[in-house]
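What the coordinates show
Spelled out, the chains give:
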Amino acid sequence: MTVMTAEQIEHFLDEVFPQRMGRIESVGAMSATLRLTIGEQHLRPGPRVSGPTMMGFADVALYVAILAQIGPEAMAVTSDLNCHFLRAASGEHDIVAHAKLIKLGRRLAVGEVQIFSVSDDTKPVAHITASYALPDSPTGQPPR
């Protein structure tokens, strides 16, 4: 069960993180799916989707998955991110991120993201793992 809907998260992000990439397609228990429409600013020669674009997009996807579980918290911040680029993503198609939280504790969240090109949604183009430092909750209890 989530504590925020995709629409509520979009409104919250409009206020605290308006420069984010992508739009939320869905949120669920410990998960989120986002889509990014690729524009000229996301490309490297080829045209291929750039690595920094995929890393930033994955970071937003995991942040959304966290917000869906803990509610509006601007200061849940990335503490570590590791990205494996598996194959080139065509710059002619959107990309989709499937984020899944592996651990959601009182002070730390850990998750992974698989990014796919919509031109071939059977093989991921990148696999990302990341951790997030969570601020103290007022009750001292784990968020849920």
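Preceding block: the structure.
Residues numbered from 1 in each chain as written. Predicted model: local features only at pLDDT ≥ 70, side-chain atom pairs only at ≥ 80, totals over all residues. Heavy atoms only, no water.

Focus on the sheet that holds strand β7 (residues 108-117)
With antiparallel pairing, the six strands of this open sheet are ordered in space as β1-β2-β6-β7-β8-β5. Bordering the open sheet on either side are β1 (23-28) and β5 (77-85), each of which pairs with just one other strand. Taking the axes of each pair of neighbouring strands and ignoring which way they run, one obtains an average angle of 20 degrees across the sheet. Two elements, strand β6 (residues 95-104) and β7, share nine bridges in a ladder whose sense is antiparallel. Bridged to Ala99 within β7 is Val113. Seen against the sheet, helix α2 (residues 51-70) touches β1, β2 (31-36), β5, β6, β7 and β8 (126-133) and runs at an angle of roughly 50 degrees to β6. (Pairing = 2+ DSSP bridges. Helix = DSSP H or I, 4+ residues; strand = E, 2+ residues; numbered from the N terminus. Axes fitted to C-alpha atoms, helices over the stretch in contact; angles between N-to-C directions. Contact = heavy atoms within 4.5 Å.)

Let's talk about the packing of aromatic side chains
One pass over the structure, following the stated rule, counts one aromatic pair. An angle of 70 degrees between the planes, with centres 6.3 Å apart, marks the rings of Phe17 and Tyr63 as edge-to-face. Pair noted here: Phe17 is in the loop between α1 (6-16) and β1 and Tyr63 is in helix α2, with a separation of 46 residues, a long-range link. Judged by its relative accessible area of 7%, Tyr63 falls in the buried class. (Phe/Tyr/Trp six-rings, centres within 6.5 Å; stacked < 30°, edge-to-face > 60°. Buried < 20%, exposed > 50% of the residue type's maximum accessible area, 1.4 Å probe, protein only.)

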